[in-house]
Amino acid sequence: MSFIVGIRNFILWALYRLMRPVIFLMDPENAHYTLKKGGVFLGSNPITRAITALLYDYNHRSLNTTVDGVNYRNPVGLSAGFDKDGELTKIYPALGFGLAELGSFTGEVCPGNPGKRLFRMVKSKSIVVWYGLNNQGAEKIASNLVNTDFGRLKVGINAAKSNVSPDFVLEESIRDYIKTLSLFADIGDYFTINISCPNTQDGEPFVNPDNLDALLSAVTEKIRPLTKRPIYVKLAADLTFTEIDVIIDGCIKHKMEGVVLTNLAKPETNQEHIASEYPSNLGLLPQGKGAMSGLPLQRISTNVIRHVYRKTRGELTIIGVGGIFTAKDAYEKITSGANLLHMITTMIFDGPQNISEINRGLVKLMRQDGFTSIEQAVGSRNPLPQLLDSAHSDNKQQEVA
Ligand SMILES: Cc1cc2nc3c(=O)[nH]c(=O)nc-3n(C[C@H](O)[C@H](O)[C@H](O)COP(=O)(O)O)c2cc1C
């Protein structure tokens, strides 16, 4: 069966490679909206959903995983930012996703940043994003989604602060998050609090420990009584380990269930990709603005996952995201400590069949390591200091003996 799925996926991959140059002739944002319209159509009735599932879906019981009480049929998820208005939930299960994070949603309607907002970097397998949290606002989206049956799909609700003013006012910002989280209290399976959008007018004020403390206190007071769903916090990619540690301590103090690692990488800290991709016409890119997904982010986010897993000794759930293109990339994030995965850029560069190909590859890689479940693989190549210590003392004892 797996062999047949492999051949199917190869054919779909070849077809996507033939179509890709045509898709890449389109402006990236127009291409995004056109593909989304196609997805809405495919999700609109049982026949198109069944045909899509036949072409793209893949199931294996060893991929089943339970995280913070939520049972996922597989750990491969769509990352926030692809479905900013929560319109495509009907088609994700047929594409093979176990979960999808919708949003980011904000308290107010957000038009996002002006001008061209998406840029492809083909050699670097990356998208430079300058969207700025465009979405229809939490009220409208929550009322559209409130009675939706998501079926096999587990749904994350990503809440960010409205990007409507360059002035940061702490109380207003907290109110904005709380408004969104309250409106979605009965929708979906988990929450993500996004404190790391790199494209907002007032920066990332919740990296500041006092601001984060105030936000998470409000979440504990106002949101916990409304819902038992796990709450995760999404971190930026380009923080120092010291800055990360402060945020992690805040998450633990306020009993958040986990973290999403990481958001996009800022070009100023990863300039070589921009320079090699746009050597003569840097003007095409928004100067000093935007941030990168995909390959430039892959190592950065894995390093953050490794650090946080070792620091927290597995105490926090980790959703790993950034530059996952193959089952090996996915497995590296899992064995570094991630319980679940998110991705977007691979769908753009490799095609949607890659979701089931990654799931199929994960089954093989787990089997090679003798694991029968995702839970067993989590963190298996990132031994916690305590385990390392006991391994060393075992070795020493053997030497002595
Ligand atoms: C077009 C686009 C829009 C995004 N918008 C959001 C967003 O609204 N909220 C968010 O938390 N992350 C957003 N992200 C970041 C992704 O969720 C993810 O962290 C990042 O793309 C790395 O994953 P990838 O390399 O698989 O694309 C966006 C990414 C892309 C490519």
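These remarks concern the structure in this document. Counting restarts for each chain, with residues numbered from 1 along the sequence as it is written. Only residues with pLDDT of 70 or above have their local features reported here, since the model is predicted, and side-chain atom pairs are shown and tallied only from 80 upward, although totals for entire chains, interfaces and linings are computed over all residues. Side-chain measures here rest on the full set of heavy atoms in the structure, leaving out hydrogens and waters.

**Examining the pairing of strand 5 (residues 118-121)**
Neither face of strand 5 is open: one carries Leu118 and Arg120, the other Phe119 and Met121, and all of them are buried. Where strand 5 lies against strand 6 (residues 126-129), four bridges are found, and the strand directions are antiparallel. Across the sheet, Leu118 pairs through a bridge with Val129, a residue of strand 6. Hairpin remark: strand 5 followed by strand 6, antiparallel, with four residues in the connecting loop; positive phi at Lys125, about 45 degrees. Between buried and exposed lies partly exposed: a residue is buried under 20% and exposed over 50% of the maximum accessible area for its type, with that area taken using a 1.4 Å probe on protein chains only. Numbering goes from the N terminus for both helices and strands, where a helix is a DSSP run of H or I of at least four residues and a strand is a run of E of at least two. When DSSP locates at least two bridges between a pair of strands, those strands are taken to pair.

**Digging into helix 10 (residues 295-312)**
Helix length check: helix 10, at 18 residues, gives a terminal C-alpha distance of 26 Å against a target of 26 Å (1.5 Å per residue), a fit within 8%. If you check which residues of helix 10 are buried, you get Pro296, Leu297, Gln298, Ile300, Ser301, Thr302, Val304, Ile305, His307, Val308, Tyr309 and Thr312. Looking one or two residues beyond helix 10, the residue adopting positive phi is Arg313, at roughly 55 degrees. Multiplying 1.5 Å by the residue count of a helix minus one yields the expected span of that helix.

**Let's talk about the sheet that holds strand 6**
Backbone hydrogen bonds hold the strands of a sheet together, and the pairing may be parallel or antiparallel. Pairing in this open sheet of three strands is antiparallel, and the strands run 5-6-11 from one edge to the other. Edge positions in the sheet fall to strand 5 and strand 11 (291-292), since each has one partner strand and no second.

**Side note on a nonpolar patch on the surface**
Note that patches include only residues with greater than 30% relative accessible area and no salt bridge, and the join distances are 9 Å for like charges and 5 Å for nonpolar side chains (Val, Leu, Ile, Met, Phe, Trp, Tyr). Residue burial considers only the protein chains on display, and all accessible areas are found by Shrake-Rupley using a 1.4 Å probe. Definition used for salt bridges: Asp or Glu carboxyl oxygen within 4 Å of a side-chain nitrogen of Lys or Arg. A cluster of nonpolar side chains, namely Phe3, Ile4, Ile7, Phe10, Ile11, Trp13, Leu15 and Leu18, defines an oily patch on the protein surface of about 880 Å² accessible area. With respect to the helices and strands, Phe10 occurs in helix 1 (residues 2-23). By relative accessible area, Phe10 is classed as exposed at 53%.

**Here we look at unusual backbone geometry**
Following Gly103, the chain continues into Ser104 via a peptide bond in cis, with omega recorded as 10 degrees. Here Ser104 is to be found in strand 4 (residues 99-105). For the bond running from Leu261 to Thr262, omega is 10 degrees, close enough to zero to count as cis. With respect to the element layout, Thr262 can be found in the loop between strand 10 (258-261) and helix 9 (271-277). Positioned with a positive phi, Leu133 is a non-glycine residue whose angle comes to about 65 degrees. In this fold, Leu133 is placed in the loop between strand 6 and helix 5 (138-145). What makes Leu133 buried here is its relative accessible area of 5%.

By themselves these figures say nothing about function.
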